[in-house]
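So you can see what is in the structure, the chains are spelled out below.
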Amino acid sequence: MKKILTLFAVIGLIAFSSCEGPEGPPGPPGQDGQDGGLIAEVFELQNVNFDFNSTDGYNIYRKLTPNIYDSDVVLIYRLAGTVNPTTPIWQQIPRTLYVSQGELDYDFDFSKEDFSIYAVGTYDLALTPNLIRNQTFRIVIIPGAFSTTGKSTSKPDYSDYNEVIKRYNIDDSNVKQIK
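This is a predicted model, so every value here is computed, not measured.

Parameters and conventions
Residues numbered from 1 in each chain as written. Predicted model: local features only at pLDDT ≥ 70, side-chain atom pairs only at ≥ 80, totals over all residues. Heavy atoms only, no water. Pairing = 2+ DSSP bridges. Helix = DSSP H or I, 4+ residues; strand = E, 2+ residues; numbered from the N terminus. Phe/Tyr/Trp six-rings, centres within 6.5 Å; stacked < 30°, edge-to-face > 60°. Contact = heavy atoms within 4.5 Å. Salt bridge = Lys/Arg side-chain N within 4 Å of Asp/Glu carboxyl O. Buried < 20%, exposed > 50% of the residue type's maximum accessible area, 1.4 Å probe, protein only.

Engineer: Can you help me understand the pairing of strand E6 (residues 95–99) in this one?
Structural biologist: The pairing of E6 with strand E7 (residues 102–110) spans 5 bridges and is antiparallel. The residue of E7 that forms the bridge with Tyr98 is Glu103. Counting the residues that bridge the hairpin from E6 to E7 gives 2 residues.

Quick look at the structure:
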């Protein structure tokens, strides 16, 4: 009896494992990437001035062309100085600077269509034109996807521009300038 049950079990296992149903519909097309991953981008605003209006204060506004995906993340860094002519020092914003006149805060917001960089302070920012005129910013767009598994992956230290560039394989030797 055990031999017959074992025989039926083996035959049943073979029969069920070889079953195949109809093929499902194809999934939506994905974005092409590099080495199986999405490509991060970096842009630069060179020597830009903050515009002033009585509603928003000092700001820089730009459209993103093309729009980014809802799941993408934007990081912005301000050129704070240089070590030498070929080694810039990038500081992630938001950032607070303490100057003799008071506090100045750089901050930003973004959507999939645009971004704004703000400069606000505890004093009249016109007193420090060197902090609101001829500023250079790097805008880094990190591709993302909304998680469905709840798993987290290791992330770089976003405050370190060089670590972000390395982690996402960004070639920043020929950064595209946006106007």
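Engineer: Would you explain the packing of aromatic side chains in this entry?
Structural biologist: Within a pair of aromatic rings, the relevant descriptors are the distance that separates the centres and the angle that separates the planes. Following the criterion strictly, the structure yields 7 aromatic pairs and no others. With centroids separated by 4.8 Å and ring planes inclined at 50°, the aromatic side chains of Phe52 and Tyr58 adopt a geometry described as tilted. Measuring from centroid to centroid gives 5.6 Å for Trp90 and Tyr161, while their planes differ by 45°, and the two rings are tilted. Here the residue Trp90 occupies a position in strand E5 (residues 87–93), and Tyr161 occupies one in helix H2 (residues 161–167), the gap between them amounting to 71 residues.

Engineer: Would you take a moment to explain the environment of Phe110 for this structure?
Structural biologist: As for its position among the elements, Phe110 is in strand E7. The spatial distance from the C-alpha of Phe110 to the C-alpha of Lys63 is 9.6 Å, given a sequence separation of 47 residues. Apart from the residues lying within four places of it in its own chain, the contact partners of Phe110 are Ile68, Asp72, Val73, Val74 and Phe115.

Engineer: Sorry, what's going on with the pattern of salt bridges here?
Structural biologist: Pairs can form between side chains of opposite charge once their charged atoms are near each other. The tally for this structure, following the rule as stated, stands at 2 salt bridges. In this structure, Glu44 engages Arg138 in a salt bridge whose closest nitrogen and oxygen atoms are separated by 2.4 Å. Remark: Arg138 occurs in strand E9 (residues 135–142) and Glu44 occurs in strand E1 (residues 41–48); sequence separation between them is 94 residues. Comparing Glu44 with Arg138, the two get one shared label, buried.

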